[in-house]
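An overview of the molecular structure
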Amino acid sequence: MSITTFQTRIGAPDIECRYPVIIGEDRVLGLAYRWHRDWLVITSEGELNLRRPAVTPGSKRASGIDMAAAYLAEEYAAGRITATGLEQLRSEAPKPVTGPVPLLHPRMPVTDRNVRGAVAAFAGLAEHHWRAVLHGFPGSDNPWYLLCELCGWSGVRYWSHHRGRNNQPPSPYRHDGGCIGKDKVRALIPAYSK
Ligand SMILES: [Zn+2]
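Quick caveat, the model's predicted, so the values are computed rather than measured. (Residues numbered from 1 in each chain as written. Predicted model: local features only at pLDDT ≥ 70, side-chain atom pairs only at ≥ 80, totals over all residues. Heavy atoms only, no water.)

**What to know about the overall build of the chain**
Scanning the chain from N- to C-terminus turns up five helices and nine strands. Helices (α) and strands (β) of the chain occur, in sequence order from the N terminus, as β-β-β-β-β-α-β-α-α-β-β-β-α-α. Principal-axis analysis of the C-alpha atoms places the extent of the chain at approximately 65 × 40 × 30 Å. Looking at the 194 residues of the chain, the share that counts as buried comes to 40%. (Helix = DSSP H or I, 4+ residues; strand = E, 2+ residues; numbered from the N terminus. Buried < 20%, exposed > 50% of the residue type's maximum accessible area, 1.4 Å probe, protein only.)

Okay, structure coming up:
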């Protein structure tokens, strides 16, 4: 048993789906987030990829966020990282932009495949009246902060849910929190009447 154990809790994610790992009232040890299958942390010492949680024989894989929180608590207990205030972190959190965003998310390497994927994704967004308002295409399974141009709602989406399957358009149920209704969505977007 370790001598010093810090009880951590996970705070609300920012619009890039990065979770603050908090001790006490409001001391943030770092941000934890998933990128593809890996979990990464951002601390006072920079960014580190923790990869995936180990699988222990006879039990399921631990959750990535728990792995990240345990790692941060350990680093903090050892004095290797320092904490930040939650308020300060919130004030520095990424904010949506009004202008155009780059084609690719900064973490996405510029390869032919990624560029093709991004071009297809942006065409799909335009067709379905969505707009990227934070950053470029992050890949199909990473969070993408989008604005619904039909009602003004914005939030985190995943392109894998938006691109449709088997040549079928995505569900006309666009997002939680109400939109303009499935019938109006179907009427507005030509893909639903093909
Ligand atoms: Zn909407």
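On we go from here.
**Examining the pattern of salt bridges**
Evaluation of the coordinates by the stated rule reveals seven salt bridges. Taken together, the shared-partner salt bridges connect Asp-14, Glu-16 and Arg-18 into one network. (Salt bridge = Lys/Arg side-chain N within 4 Å of Asp/Glu carboxyl O.)

**Considerations on the side chain of Asp-38**
Turning to its location among the elements, Asp-38 is positioned in strand E4 (residues 38-43). If sequence neighbours within four positions are ignored, Asp-38 has contacts with Tyr-33, Asn-49, Arg-51 and Arg-52. (Contact = heavy atoms within 4.5 Å.)

**Some points on the domain arrangement of the chain**
Often, the extent of an interface is quoted as the loss of accessible area upon association of its parts. Considered domain by domain, the chain is made up of domain 1 (8-91) and domain 2 (112-193). Look at where the C-alpha atoms of domain 1 and domain 2 centre, and you get two points 29 Å apart. Buried surface at the junction of domain 1 and domain 2, both sides included, amounts to about 710 Å², of which 63% is carbon and sulfur. At the junction of domain 1 with domain 2, the criterion picks out zero salt bridges. On inspection of domain 1 and its partner domain 2, the count reaches two residue pairs in polar contact (both at pLDDT 80 or more). For the side of domain 1 that touches domain 2, the per-class residue count stands at three nonpolar, one polar and two charged. (Domains from an automatic or database assignment. Buried area = accessible area lost by both parts, 1.4 Å probe. Polar contact = N/O pair within 3.5 Å; in protein donor to acceptor, adjacent residues only side chain to side chain. Nonpolar A, V, L, I, M, F, W, Y, C, P; charged D, E, K, R; others polar.)

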